[in-house]
Amino acid sequence: MLGKKMLGELNGQVNKEMYSAYLYMAMSAHSEYVGLKGFANWFMVQYKEEMEHAMRIYHYINNHGEQVKLMAIEEPPMVFESPLDMFEKTLVHEQFITKSINDLVDTAIEEKDHATKIFLEWFVTEQIEEESNDNDIITRLKLIGDNGNGLLMLDRELGTRVFVPQLTSGGQT
Ligand code: OFO
C-alpha cells in the first residue's frame, strides 16, 4: 500500500524522469545537428535509460494497485553553447534528480514504507553512477578545450555507447 504523499511524490518522479529523457533527447538532436554523431548517440542512449527509469516507477505504482498520474512534460532547451555546456547542464540536472530521489527516500522513511525505501535504493546507486559519468566527461572536455582533434576522438568514443535494456515489459529487472 502506498500512502497519499508517497504516491504523489512517485508520480512527480515519473514526470521528472520523463523530463530527463526529453532533455537528453534534445541534446541528442542538437549534437546531431552540429555534426557530433558520437555525442548524439551517447545522449540517445541516455534518453532510453531515462525512459526506463520512468517505467520502473510506473510499474511500481501499478503493482501497488494505484493509478499513475501523467503530467505535462516541460519543453527542454534547444540550443546549447558547446558539448561542455551540454554536459555541465546534464550534471546540474542529475544533481537535481539526486536531491529529488533523496527526498523520496526521506518520505519513505517518514511513512515507514520499507518496500518503497528498498525500491528506491536502485535509484540512489544509479545517481552515483550518473553524476560520476558526467564529471568524467566534463573533466575530459575541459582538457580538450579548443582542440578539434581531441573533440573528434571523444566523439568517436561516445559513439560506441550501447543501450542495454534492463527492464521487461512488466517492469521486472
Ligand atoms: Fe539521469 O537518472 Fe534518471 O533522471
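As a starting point, this report considers the structure included with it. A quick note: this is a predicted structure, and the numbers were derived from the prediction, not measured.

### Points about the packing of aromatic side chains
Then, in step 1: On inspection of all chains with the given rule, the structure shows eight aromatic pairs.
Then, in step 2: For the ring pair Phe-43 and Phe-87, a centre distance of 4.9 Å and an interplane angle of 35° mean the geometry is tilted. Taken together, the positions of Phe-43 in helix 2 (residues 37–63) and Phe-87 in helix 3 (residues 83–110) put the pair 44 residues apart, joining distant regions of the chain. Accessibility classification places Phe-43 together with Phe-87 in one group, the buried group.
Then, in step 3: Note that Arg-56 overlies the ring of Trp-122, its terminal NZ or CZ placed 3.6 Å from the centroid.
Then, in step 4: The lysine or arginine in question, Arg-161, covers the ring of Trp-42, its NZ or CZ lying 4.4 Å from the ring centre.

### Describing the packing of helix 2 against helix 4 (residues 114–144)
Then, in step 1: Between helix 2 and helix 4, whose axes approach to 12 Å, the crossing angle comes to 170°. By the angle between their axes, helix 2 is roughly antiparallel relative to helix 4. Contacts between helix 2 and helix 4 involve Phe-39, Trp-42, Gln-46, Glu-49, Glu-50, His-53, Arg-56, Ile-57 and Tyr-60 on the former and, on the latter, Ala-115, Thr-116, Phe-119, Trp-122, Phe-123, Glu-126, Glu-130, Asp-134, Ile-137 and Leu-141.
Then, in step 2: Partitioned by chemical class, the residues of the contact of helix 2 with helix 4 number 10 nonpolar, three polar and six charged.

### What about helix 2?
Then, in step 1: A rise of 1.5 Å per residue sets the reference length of helix 2, with its 27 residues, at 39 Å; its end C-alpha atoms lie 39 Å apart and thus fit the reference within 8%.
Then, in step 2: Where helix 2 terminates, the next one or two residues include Gly-65, which has phi positive at roughly 75°.

### A short note on a nonpolar patch on the surface
Then, in step 1: Residues Tyr-22, Met-25 and Ile-73 make up a contiguous nonpolar surface patch of roughly 240 Å² in combined accessible area.
Then, in step 2: Residue class for Tyr-22 comes out partly exposed when judged on its relative accessible area of 38%.

### So, unusual backbone geometry
Then, in step 1: The phi angle at Lys-112 is positive, at roughly 55°, despite the residue not being glycine.
Then, in step 2: Overall, Lys-112 belongs to the exposed group, its relative accessible area being 66%.

Analysis parameters
- Counting of residues starts from 1 at the beginning of each chain's written sequence and follows it residue by residue.
- Given that this is a predicted model, residues contribute local features only at a pLDDT of at least 70 and side-chain atom pairs are listed and counted only at 80 or more, while totals for whole chains, interfaces and linings are drawn from all residues.
- Side-chain descriptors were evaluated using all non-hydrogen atoms of the structure, hydrogens and water having been removed beforehand.
- Any Phe, Tyr or Trp ring, taking Trp's six-membered ring, that has another such ring centre within 6.5 Å forms a pair; planes under 30 degrees apart are called stacked, those over 60 apart edge-to-face, and the others tilted.
- Secondary structure elements are taken from DSSP: a helix is a run of H or I of four residues or more, a strand is a run of E of two residues or more, and numbering for both begins at the N terminus.
- Buried, partly exposed and exposed residues are distinguished by accessible area as a fraction of the type maximum, computed with a 1.4 Å probe on protein chains only: under 20%, between the cut-offs, and over 50%, respectively.
- A positively charged side chain is recorded as over a ring if its NZ (Lys) or CZ (Arg) lies within 6 Å of the ring centre. The angle to the ring normal must also be within 35 degrees.
- Only the stretch in contact is used when fitting a helix axis, every axis being a line fitted to C-alpha atoms; angles between N-to-C directions are given from 0 to 180 degrees.
- Small angles under 35 degrees read as roughly parallel and large ones over 145 as roughly antiparallel, with 65 to 115 read as roughly perpendicular and the rest as oblique.
- Any two residues whose heavy atoms approach within 4.5 Å are treated as being in contact.
- In the scheme used here, Gly and all other residues not listed as nonpolar or charged are polar, with Ala, Val, Leu, Ile, Met, Phe, Trp, Tyr, Cys and Pro taken as nonpolar and Asp, Glu, Lys and Arg as charged.
- Helix span is expected to be 1.5 Å times the residue number reduced by one.
- Patch definition: residues with relative accessible area over 30% and no salt bridge; like charges joined within 9 Å; nonpolar side chains (Val, Leu, Ile, Met, Phe, Trp, Tyr) joined within 5 Å.
- Note on areas: Shrake-Rupley, 1.4 Å probe, and residue coverage restricted to the protein chains presented here.
- One speaks of a salt bridge when a side-chain nitrogen belonging to Lys or Arg is within 4 Å of a carboxyl oxygen belonging to Asp or Glu.

By themselves, these are just geometric observations and shouldn't be taken as functional.
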